[in-house]
Each structure stands twice: as C-alpha cells, then as structure tokens.
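Close look at the chain arrangement
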Amino acid sequence: MTVTSSNSPSHSHGADIKVVPLQAPRLTTEAPILTARGVSRQFGAVTALKDVDVTLYPREVLGIVGESGSGKSTLLRMLNLEDQPDSGDYTLSLPEYAGQNLFTLTRFERRQLRVRHIGIVYQNPYLGLRMKNSSSGNVAERLVLAGERTFATLREAGKVSLAASEFPLTRMDDPPIQLSGGMQQRVQLAKAIALRPALLLLDEPTTGLDVSVQALVLDTLRRLRRERGMAMIVVSHDLGVIRTLADRVMVMRHGQVLEHGLVDQVLDDPQHPYTQQLVHAKL
Amino acid sequence: MTLLEVRQYSKSFVLHQTERVIPAFQDLTFGLNPGEFLLVAGPNGAGKSTLLRALYRTYRPTSGEALYSSAYGPVDLASAADIDIMRLRREEMGMVSQFLRPRPRVSALELVAEPLLEAGEEHAMERAEGFLDAFGLKRDLWAAYPTTFSGGEQQKVNLARALIRPSRLLFLDEPTASLDRQARAALLSRLAELKAGGTAFMGVFHHPEDVAELIDRTLQLAAFLPGNEETMGEGADHVA
C-alpha cells in the first residue's frame, strides 16, 4: 500500500486533488527512437485502440500493462507493422525512414523494415518459430531474409546470436519442438536480435514459464539491454515482470492509455482509480 | 550556491476506492547545499520517507517545486519529464532504501557491479568486490544469490550497490536499520567520503546518533493530524 508512511486520513472527498503536472523533457536532448501518435483501431463495434500515443527513447524499456482485451497486444502488432490502424502516425528515427509515417508503407516495405529494424518475441513460440526446423536455422532465416547467403556466415551469426540469448550451443541443431518453453523463448530472442534491431518488442515473453525460468529469461533481457543498448517495449499483465524490466510504464484499458509514468511511481503511487485497483490486487 | 531549493512542497494520497485523501506533508520549504547533510526528523507518520520519495519522484507531489541544480542546468523535480528524472537517477541522484530488491539468479557481486556496468565504467567487478569486502559480506557469499540471504546480509549488498557510484544528491531512507558494527562503520566512512566530495544528503534515521558526526542541519516535521494542519510546514526548518 502506498499509505504506510502517511498518517491519519481525513474524510474530505478530495478526488479533485491533482499532482503537479509534468513539463516537456529539458535535460534529455536525444530524439525518441519511436513516436506514435493518435493510433486508433476499431473492430466492428469494438474499440481496440483509441487515440494512443507512444514515445520511446533510445536504450529505454517501456512496459505496457493491462488486462486481456485492454488493447496492449493489438498496439504491439501495430508497432510491429503486422496490422494497420484506422488512423495514426508512426515514426522510427531510422535514417532511411526519416519523417515517414510507417503506417503508409506498402506491404513489401513494411516487411523489409520489420526484418531489418524490429525484433519481436511472442508469448506463443509457434507464432515466431518454425517448430520443426533446427534452432540455428530459425535464427539464420532472419539473416537470409536480409540478404545473407553464405552458409558459414549464417552459421556463425546464428551462433553469436544464440549465445547472446544464453542458449546452450550444444543444442543449436535441435528443433524448437524438442525444447523446453524457456529454451524456445531464447531461440525467439536470438532470432529477434540477430540483425541488431533498433527496437525489440516483447509480448508476454515469460508468461507460462516456471518462475525460476522466467527469472533467467528476464535477466538475459536486462543484460542484452545493457550490452546492446536496444530500446524495448514489453507487454505484460505481470506487474513483477514490468517492475523488473521497465523504466517507464503505460497502463491500458479498453484500448486507451489511462496513465503513464516511471515504473516505481505508477506501481507505488498510482493516480488513476483503475491503476490503484490493479496494483492493490497484485500486492 | 544551493543544490536543492524546495518551496511549498506538499503530498497527499488520493485513494479512489474509498474516496479518501491522506495528507502526508504540506507546504515544506527548505534548501540544501552541496556537501550538506540534512537530517529529516519527526514522529512516525510525519511523512519523512514520503518526502524523500516525493523528491526522488517515486511519488508525485501534489503541489510546490523543488529546484535542483543539475549538471545540465536547473530543473524542477516536481514537474520534470519522466525521461529527465530517469537521467538524473542514472547520473546524479540516488535513493538508498532499507530493503534490497534481489533478483533471482543474480549474484551479490553482479548486483553491486550493475550500476557501474550500466554506466559503462571500468573495473566494475573489482570495485564491487572492494565494496562488499568493506561492508563485511563474507567472501563465500559474493557469488551466491541474495534472495536467500538474511536481512542484514541483504542490507550490505543493498548499500554497496546504492553507494558504489558517487551521486550529487542522495536520499537515505533508514539505511542503518539491521546493520552490524562493521557494516555501519563502512557506511559511515563511505558517506563521509562522498560528503567530502560534495554529495548532499537528506536522510531519515531511526537512530540519528548512528550518523551524528555527519549531520549539519535538521528538518523537523510535525505530526500531521486532521484538524491541526496549520502546525505543519514553513519554519519547520531549524538549525540543529
């Protein structure tokens, strides 16, 4: 609870008490790596996303929390250019795409960009991997798509990437179907980072794993972030995962962002009634 | 020149479910100079820890400003953008709390070295070893996971981690609780070293006598009771 260090409650109805509003960044001169504005998407009568803004700075980890149906995974798919919104702007600070709204790219261009600059790890490894191909082959596929053809180079690059994901190289020729859940996530991660993307997207990356395995995968992610300086967006309903990994967090519900802020602040001094419920339900 | 100039700082918690407002402190005004050690004193529930957290921005203040002279120019901690606060926390502003948040499968040594590694500094492991040694954590435990440590051992790891990088402004939230004699001595010597280097401190202590030789001034907070709100605030700052 946030109130442990405070004292006697008063009973005035003061839901109108506001916190000091925040200013635009002044000390940080770096431009965001990712800027999305006004992203909206309607599926029939269902509002999946409504006017969502996302800003992500270089080397930053942004968490997105919310219950199922909050729109968090839909948003991630949009940012991975798998799906298109009804409206919205999306830019990444990449020289060859400067100032372009990525939502307006052709299907082919979107795919090119995704292969080169965005890595993604799904909760369900079947979405990210060919389960019966070798693990190293899965990683190499990314490099082949990017134009690499030499077998020796592919194998070496695959090895480097698997090692960075702390995957045991003795098993690099095993297909993912024969691996544990934690190992499958490491193969997905190796594939995602093979081309050193500017942006890594993680959709419930440790959901369904044993707690100890989850801790190991989270630790690998922290190390990768430190060593490679990748910016990441991690979607999770697990506040523990978010606290461990994220610098800032966005809370979503019914396709809208209710609150965002520093991860310790949102979890320890949540402002929105829904976030207060969410945090207290977990503690 | 003042490092931190706090004006009319207030924090109340709003609990929506019960529609209650819980005031923590109100209209605090005080300053802090480089190299100065300010003890935050007051009875339980006066909002001492809350004040530290509202300046570190784990809590959002309700009103007021906290003008901090950062290495990049003046910035108001109450209203600075999250990304700016992140930068200050990484580079010049630290919180030393009572409890370690150990992570499974991360060794004591790695936890302590992490702030140096993240800042890309050299000899991170050797320096981390030196700190653990000074705080008296048994060498056998350096490679072990602090999740299994006793409270006192975790606290040593926590302090080593929190103090390994010099900061310009450090918030200390009861860091001496559950420390043995050697660790307390190591803590005092590190704090004195940082203070001599110009670090400013705001600290909450159960037993202020533990750090008596470091304290320059005391900020006295009054108990905040409903109905006598006027007893709080301005003029609370007095020289000890």
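Keep in mind that this is a model prediction, so the values were computed, not measured.

Helix and strand counts for chain B stand at 6 helices and 10 strands. Structurally, chain B occupies a C-alpha span of about 55 × 40 × 35 Å along its principal axes. The contacts in chain B between residues at least 6 apart in sequence include a share of 68% that link residues at least 24 apart. Within the structure as shown, chain B displays about 9,700 Å² of accessible surface, and the carbon and sulfur contribution to it stands at 49%. When the 25 positive and 32 negative side-chain charges of chain B are each reduced to one mean point, those points stand 4 Å apart.

On to the pattern of salt bridges. Residue and element names in this part refer to chain A. Enumeration according to the criterion identifies 32 salt bridges over all chains in this entry. Between Lys 191 and Glu 141 there is a salt bridge, with the nearest N and O atoms lying 3.9 Å from each other. Note that Lys 191 is positioned in helix H6 (residues 181-193) and Glu 141 in helix H4 (residues 135-145), a separation of 50 residues in sequence.

Residue and element names in this part refer to chain A. Locating Arg 110 in the fold gives a position in helix H2 (residues 107-117). Taking the C-alpha atoms as reference, Arg 110 lies 8.2 Å from Glu 82; in sequence the two are 28 residues apart. Leaving out residues up to four positions away in the same chain, Arg 110 has contacts with Leu 81, Gln 84, Leu 102 and Leu 105.

All names here are of chain A. Strand order across the open sheet formed by 3 strands is S2-S1-S4, with antiparallel pairing between neighbours. In the strand order of this sheet, the two ends are held by strand S2 (46-56) and strand S4 (87-92), each with one partner. Direction aside, neighbouring strands of the sheet carry axes that sit 15° apart on average. Of the strands in this sheet, strand S1 (34-43), S2 and S4 touch helix H1 (residues 72-79), which is tilted by about 60° from S2.

Quick look at the interface of chain A and chain B now. Taken together, the contacts link 48 residues of chain A with 56 residues of chain B. Overall, the association of chain A and chain B removes approximately 4,700 Å² of surface from exposure, summing both partners, and the carbon and sulfur fraction of that is 56%. In this assembly, chain A and chain B are joined by 5 salt bridges. Taken together, chain A and chain B are joined by 15 residue pairs in polar contact (both at pLDDT 80 or more). Among the elements of the structure, helix H7 (211-228), helix H8 (239-245), strand S9 (256-262), helix H9 (263-268) and helix H10 (273-282) of chain A are those that each provide at least two residues to the side of chain A that touches chain B. With 6 residues, H7(A) is the single largest residue contributor to the side of chain A that touches chain B. Broken down by class, the residue content of the side of chain A that touches chain B amounts to 16 nonpolar, 20 polar and 12 charged.

Moving on, we come to the confidence of the model for chain B. Of all residues in chain B, 93% attain a pLDDT of 70 or more, and the chain-wide mean is 89. Overall, residues 227-240 of chain B carries pLDDT values under 50, and its contacts beyond four positions in sequence, including any with other chains, amount to 27 contacts.

Residue and element names in this part refer to chain B. Taken in spatial order, the 4 strands line up as S2-S1-S4-S5 in an open sheet, and their pairing is antiparallel. Edge positions in the open sheet fall to strand S2 (20-32) and strand S5 (73-76), since each of these has one partner strand only. Mean inter-strand twist for the sheet, computed between neighbouring axes without regard to direction, equals 25°. In this structure, strand S4 (residues 63-70) lies alongside S5, joined through 4 bridges in antiparallel fashion. Following the sheet pairing, Ser 70 is matched in S5 by Gly 73.

Attention now moves to the nonpolar core. The nonpolar side chains of soluble globular proteins are, as a tendency, buried together. All names here are of chain B. Ranked by size, the top nonpolar core spans 44 residues in total, and within it Leu 4, Tyr 9, Phe 30, Leu 51, Leu 55, Leu 169 and Met 202 carry the most contacts. Put simply, the parts of the chain that give this core at least two residues each are strand S1 (4-15), S2, strand S3 (37-41), helix H1 (48-56), S4, helix H2 (82-91), strand S7 (169-173) and strand S8 (200-204). Counting 39 residues, the second-largest nonpolar core is a separate cluster that includes Val 96, Phe 135, Leu 170 and Ala 186.

Let's shift gears to the side chain of A:Asp269. With respect to the secondary-structure elements, A:Asp269 resides in the loop between H9 and H10. A polar contact of 2.9 Å, which involves the side chain of A:Asp269, links it to the backbone nitrogen of B:Arg60.

We now examine H1(B). Residue and element names in this part refer to chain B. In terms of residue burial, H1 counts as a mostly covered element, since 8 of its 9 residues are buried. Within H1, burial applies to Lys 48, Ser 49, Thr 50, Leu 51, Leu 52, Ala 54, Leu 55 and Tyr 56. After H1 finishes, the residue Arg 57 shows a positive phi value of roughly 80°.

Take the domain arrangement of chain B next. Residues and elements named next belong to chain B. The domain boundaries assigned to chain B delineate domain 1 (1-92 + 167-177 + 197-240) and domain 2 (95-166). The straight-line distance from the C-alpha centre of domain 1 to that of domain 2 is 26 Å. In this assembly, 13 residues from domain 1 lie in contact with 9 residues from domain 2. Both sides of the domain 1 and domain 2 interface together cover about 970 Å² of buried area, and 54% of this is carbon and sulfur. Counting the surface domain 1 buries against domain 2, the share from its top three residues, Ser 167, Asp 173 and Pro 175, is 38%. Across the domain 1-domain 2 interface, the total number found is 5 residue pairs in polar contact (both at pLDDT 80 or more). At the level of elements, H1, H2 and S7 are the ones that each hand at least two residues to the side of domain 1 that touches domain 2. Among the elements that take part in the side of domain 1 that touches domain 2, S7 stands out by supplying 4 residues, more than any other. Among the residues making up the side of domain 1 that touches domain 2, the classes are represented as 7 nonpolar, 1 polar and 5 charged.

To continue, consider H7(A). All names here are of chain A. Helix length check: H7, at 18 residues, gives a terminal C-alpha distance of 25 Å against a target of 26 Å (1.5 Å per residue), a fit within 8%. Taken as a whole, H7 has its buried residues at Gln 214, Ala 215, Val 217, Leu 218, Thr 220, Leu 221, Arg 222, Arg 223 and Leu 224. Downstream of H7 by a residue or two, Gly 229 has a phi angle that is positive, lying close to 60°.

About the thresholds
- Residues numbered from 1 in each chain as written.
- Chains lettered and ligands numbered in written order.
- Predicted model: local features only at pLDDT ≥ 70, side-chain atom pairs only at ≥ 80, totals over all residues.
- Heavy atoms only, no water.
- Helix = DSSP H or I, 4+ residues; strand = E, 2+ residues; numbered from the N terminus.
- Contact = heavy atoms within 4.5 Å.
- Areas by Shrake-Rupley, 256 points an atom, 1.4 Å probe, with all protein chains shown as cover.
- Lys, Arg positive; Asp, Glu negative; His and termini not counted.
- Charge placed at Lys NZ, Arg CZ, Asp CG, Glu CD.
- Salt bridge = Lys/Arg side-chain N within 4 Å of Asp/Glu carboxyl O.
- Pairing = 2+ DSSP bridges.
- Axes fitted to C-alpha atoms, helices over the stretch in contact; angles between N-to-C directions.
- Buried area = accessible area lost by both parts, 1.4 Å probe.
- Polar contact = N/O pair within 3.5 Å; in protein donor to acceptor, adjacent residues only side chain to side chain.
- Nonpolar A, V, L, I, M, F, W, Y, C, P; charged D, E, K, R; others polar.
- pLDDT = per-residue confidence, 0-100.
- Core = buried A, V, L, I, M, F, W, Y, C linked by side-chain atoms within 4.5 Å.
- Buried < 20%, exposed > 50% of the residue type's maximum accessible area, 1.4 Å probe, protein only.
- Domains from an automatic or database assignment.
- Expected span 1.5 Å × (residues − 1).

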